[in-house]
Amino acid sequence: MAKDNVSYKLVKHQGFPSNWKKANVIPVYKKGDKTNVTNYRPISLISCLGKVFEKCVFKHLYNFINDKKLITPVQSGFTPNDSSVYQLIDLYNTFVKAIDDGKEIRAVFCDVSKAFDRVWHRGLLYKLRRMGVKGGLLGWFGSYLWGRTQRVVIDGSSSSYLEIKAGVPQGSILGPLLFLIYINDIVENIGSNIRLFADDTSLYIIVDDPEVAAGLMDSDLHKIHEWAKQWLVTFNPQKSEELVISKKSIPLDHPRLSMDNVEIKRVDEHKHLGLIFNTTCTWRNHFQEITGKAWKRIHLLQTLKFKLDRRTLEIMYNSFIRPLLEYADVIWDNCYDFEVEALEKIQIEAGRVVTGATKSCSASKILNDLKWETLKTRRYKHRLINFYKMIHNLTPQYLSNLVPQRVHQVSNRTLRNNDDFSIPYARTNLYSKSFLPQTVRDWNNLPDQLKLAPSLNSFKTLLNNDKRKPPKYYFFGNRQSQILHSRLRLHCSSLNADLFDNHISESNLCTCGSPETAEHFLLTCNKYSEIRNRTIDTIPLNYSIQILLEGNNLLSDSLNEEIFSEVHEFIIKSRRFN
């Protein structure tokens, strides 16, 4: 770069208006000491008009880069049709397959310090030119990068503007793509396997000979360090980590690795793209983290159990808790049974909060009332949907390449299962139950109607054919009425018959002498005859206890809500549950 004779003059240019280059930075607290500025995340707010203009340029630049296949295929960040989960599927499949073959894996996860803020503008323009961006457009990018300013805004007060002399604009449309261009050539001449997710850089190698593997990785770390020096990117070897993955009873002796003469720390676990890997490719560490976080959020939900209505509580669970329990779930579905049960308990507790059910209510009744599937069933469907995408090239090529051949392609004999996919051979349960072998088995067991679905949407529709939504009228009424009504429906109310069935009371009798069931309470108990005449008996319908508790989907929603309204009024006015 120093020897290149091309001069890049970052001069003031009319291509991008200066008012659109101003940014307001809002510091958002993350965690830790509030007086420490490093515990705040700076959020940059830039011109909306400028972002519209950027989008026009982005479209043409991205199409040019995509058509020419200029971005390395090992880059998954900010790349359409790619994702962190796809990269993790590929990584984990490689790791467990190597373990199944009796091998060990060395992986290094490099830490980059504020990579987006350190992009050297002249270097970026040089790389844009090498990719084919020339003339007026290259000048426009010079204008886009030059003369940017930002100020800090807190509680209506602001600092003075300061010029930004490096980095891609945070919060911009073009910023991520420009960063991918800037970091793209880091993969050149790397001998190990390398994966990128934006600035997350990881290297791994399947070890045959520890000395050879260490020499190759050391060489690659040196190349990355030299690349970083040339392009003014700061890799932090003190925060980089190495993971040696092995199931051997006597692990190999691996020489230590270093970068910039700093030894890379070897760890027992590492969080990569939101998933915690450990030295045995099991999920103990990951489950400890996600269940801990999920229970904290469940406890918060419990405090709102009697304050918010059923629909709001369900939205909160689906938005803030279930995503924790399902991120990258297609990968770790080979977890142990006790880990599966731990996750299901969290969902059931959320279901108790949403429905208002008591501890005595069974999990199956709660799930049926909510029309929720078990998390295990959801993971099964997620895996099949992902495999459908792989088969039909709706995922990155590196993932579609994992799809095994069909039986007729690997066998000379005509077999009944000729069109099935051949199941990858596995020696260990760890690999056998991992994503690829397990999902191939599940796919082969699907009916032909599903396997031959013409589109992803039709496949999802057929796969979820048995899935039901709760009736709208289950969300009707105030919170107190909702809870008391659902407890009657779920047979976990404080009626004596429910208490007796749940081994809480020694008698199931009402004070009137009959078994105090929901049907007796709502329809026949003479203690509530007057209230019943003014509420339930006014419903213009020959009702049954089932309709009073569950409604009837053959009736209109408005009529069901009318029935529920009268039942709610009866429950409250009876004062039976005070």
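Rules behind the numbers
- Residues numbered from 1 in each chain as written.
- Predicted model: local features only at pLDDT ≥ 70, side-chain atom pairs only at ≥ 80, totals over all residues.
- Heavy atoms only, no water.
- Helix = DSSP H or I, 4+ residues; strand = E, 2+ residues; numbered from the N terminus.
- Buried < 20%, exposed > 50% of the residue type's maximum accessible area, 1.4 Å probe, protein only.
- Contact = heavy atoms within 4.5 Å.
- Areas by Shrake-Rupley, 256 points an atom, 1.4 Å probe, with all protein chains shown as cover.
- Lys, Arg positive; Asp, Glu negative; His and termini not counted.
- Charge placed at Lys NZ, Arg CZ, Asp CG, Glu CD.
- Salt bridge = Lys/Arg side-chain N within 4 Å of Asp/Glu carboxyl O.
- Axes fitted to C-alpha atoms, helices over the stretch in contact; angles between N-to-C directions.
- Parallel < 35°, antiparallel > 145°, perpendicular 65-115°, else oblique.
- Nonpolar A, V, L, I, M, F, W, Y, C, P; charged D, E, K, R; others polar.
- Pairing = 2+ DSSP bridges.
- Expected span 1.5 Å × (residues − 1).
- Arc of directions from axis to C-beta.
- Polar contact = N/O pair within 3.5 Å; in protein donor to acceptor, adjacent residues only side chain to side chain.
- Left-handed = near helix turned anticlockwise from the far one by under 90°.
- Disulfide = S-S within 2.5 Å.
- pLDDT = per-residue confidence, 0-100.
- Patch = residues over 30% accessible without salt bridge, like charges linked within 9 Å, V, L, I, M, F, W, Y side chains within 5 Å.

Under an unreviewed UniProt entry, the name given to the protein is Reverse transcriptase domain-containing protein, and the source organism is Pinctada imbricata.

K.L.:
Break down the overall build of the protein for me, citing the residues and quoting the values.
P.N.:
Scanning the protein from terminus to terminus reveals 23 helices and 14 strands. Oriented by its inertia axes, the alpha-carbon framework of the protein measures out at about 100 × 70 × 50 Å. Taken across its 578 residues, the protein has 48% of its residues classed as buried. Long-range pairs, those at least 24 residues apart, make up 68% of the contacts in the protein with a sequence separation of at least 6. Carbon and sulfur atoms make up 51% of the accessible area of the protein, which amounts to about 29500 Å² in all. Taken as two groups, the 78 positive and 61 negative side-chain charges of the protein have centres that lie 5 Å from each other.

K.L.:
I'd like to hear about the pattern of salt bridges, residue by residue, with values.
P.N.:
Considering all chains together, one arrives at 27 salt bridges under this definition. With a closest N to O distance of 3.1 Å, Asp90 and Arg195 form a salt bridge. Of this pair, Asp90 sits in helix α2 (residues 84-100) while Arg195 sits in strand β7 (residues 193-197), and the two are 105 residues apart along the sequence. Under the relative-accessibility criterion, Arg195 is labelled buried at 15%. Between Arg383 and Asp333 there is a salt bridge, with the nearest N and O atoms lying 2.9 Å from each other. Within this pair, whereas Arg383 is found in helix α11 (residues 375-391), its partner Asp333 is found in the loop between α8 (310-326) and α9 (337-355), the two being separated by 50 residues in sequence. For Asp333, a relative accessible area of 19% puts it in the buried group. Salt bridges here are not isolated pairs; linked through shared partners, they connect Asp333, Arg379, Arg383 and Asp442.

K.L.:
Account for the packing of helix α3 (residues 121-131) against helix α5 (residues 175-183), with residues named and values stated.
P.N.:
As a packed pair, α3 and α5 sit with axes 9 Å apart at the nearest point and diverge in direction by 80°. By the angle between their axes, α3 is roughly perpendicular relative to α5. Judged by residue contacts, Gly123, Leu124, Lys127, Leu128 and Met131 of α3 engage Leu178, Ile181 and Tyr182 from α5. Looking at side-chain class alone, the contact of α3 with α5 contains six nonpolar, one polar and one charged residues.

K.L.:
I'd love a proper account of the sheet that holds strand β8 (residues 200-207), names of residues and values included.
P.N.:
Strand pairing in a sheet relies on backbone hydrogen bonds, with the paired strands running either antiparallel or parallel. Strand order in the open sheet formed by five strands is β7-β8-β3-β9-β12, with mixed pairing between adjacent strands. Of all the strands in the sheet, the pair left with one neighbour each is β7 and β12 (265-267). With strand direction ignored, the average angle separating the axes of adjacent strands in the sheet is 25°. Against the sheet, α2 engages β3 (104-110), β7, β8 and β9 (241-245), with an angle of about 155° to β7. With respect to the sheet, helix α6 (residues 210-230) is in contact with β3 and β8, its orientation differing from that of β8 by roughly 160°.

K.L.:
Give a description of α6 that names residues and reports values.
P.N.:
Over its 21 residues, α6 runs 30 Å from end to end, which matches the ideal 30 Å to within 8%, given 1.5 Å per residue. Buried within α6 we find Pro210, Ala213, Ala214, Met217, Asp220, Leu221, Ile224, His225, Trp227 and Ala228. All buried residues of α6 lie within an arc of 160° about the axis, which places them on one face of the element. Along α6, the residues that are exposed and aim more than 90 degrees away from the buried face are Glu211 and Val212. Against the buried residues of α6 lie β3, α3, α5, β8 and β10 (258-259). Of the residues flanking the start of α6, the one acting as N-cap is Asp209, its side-chain oxygen 2.8 Å from the backbone nitrogen of Glu211. At the exit of α6 stands Leu232, carrying a positive phi of roughly 60°.

K.L.:
Account for the packing of helix α1 (residues 48-68) against α5, with residues named and values stated.
P.N.:
The contact between α1 and α5 brings their axes to 10 Å, and the two run at 35°. Judged by the sense of rotation from one axis to the other, the crossing of α1 with α5 is left-handed. Residues Glu54, Phe58, Leu61, Tyr62 and Ile65 of α1 form the contact with α5, whose participating residues are Gly175, Leu177, Leu178 and Ile181. Classifying every residue of the contact of α1 with α5 gives seven nonpolar, one polar and one charged.

K.L.:
Give a description of the state of the cysteines that names residues and reports values.
P.N.:
A covalent bond between the sulfur atoms of two cysteines is referred to as a disulfide. Under the defined criterion, the tally for this structure stands at zero disulfides. Left unpaired, Cys492 is separated from the closest cysteine sulfur, that of Cys361, by 4.3 Å. Summary of cysteine pairing: Cys525 is not part of a disulfide, and the nearest cysteine sulfur, belonging to Cys510, is at 3.9 Å.

K.L.:
Run through helix α7 (residues 284-303), naming residues and quoting values.
P.N.:
Think of an α-helix as turning once every 3.6 residues; residues three or four places apart then point the same way. With 20 residues, α7 extends 29 Å from end C-alpha to end C-alpha; this agrees with the ideal 28 Å at 1.5 Å per step. The inward-facing, buried residues of α7 contact β13 (269-272), β14 (275-278), α8 and α9.

K.L.:
Pulling in residues and values, what's your account of the confidence of the model for the protein?
P.N.:
Chain-level statistics for the protein give a pLDDT mean of 93 and a share of 97% at 70 or above. Predicted confidence for residues 1-13 stays below pLDDT 50, and this span has 22 contacts to residues more than four positions away or in other chains.

K.L.:
Break down a nonpolar patch on the surface for me, citing the residues and quoting the values.
P.N.:
On the surface, a nonpolar cluster with roughly 230 Å² of combined accessible area is contributed by Val28, Ile43 and Leu45. Within the element layout of this structure, Ile43 appears in strand β2 (residues 40-45).

K.L.:
Can you break down a positive patch on the surface residue by residue, with the values?
P.N.:
Together, Lys30, Lys31, Arg41, Lys114 and Arg118 make up a region of like positive charge exposed at the surface. Relative to the elements of secondary structure, Arg118 occurs in the loop between β3 and α3.

K.L.:
Quick one: what's the story with the environment of Thr234, residue by residue and with numbers?
P.N.:
Note on placement: Thr234 falls in the loop between α6 and β9. With relative accessibility at 33%, the residue Thr234 sits in the partly exposed group. C-alpha of Thr234 to C-alpha of Val57: the two residues are 177 residues apart in sequence and 29 Å apart in space. Not counting residues up to four positions away in its chain, the partners in contact with Thr234 are Asp111, Val112, Ser113 and Arg118. At 3.1 Å, the side chain of Thr234 and the side chain of Arg118 are in polar contact.

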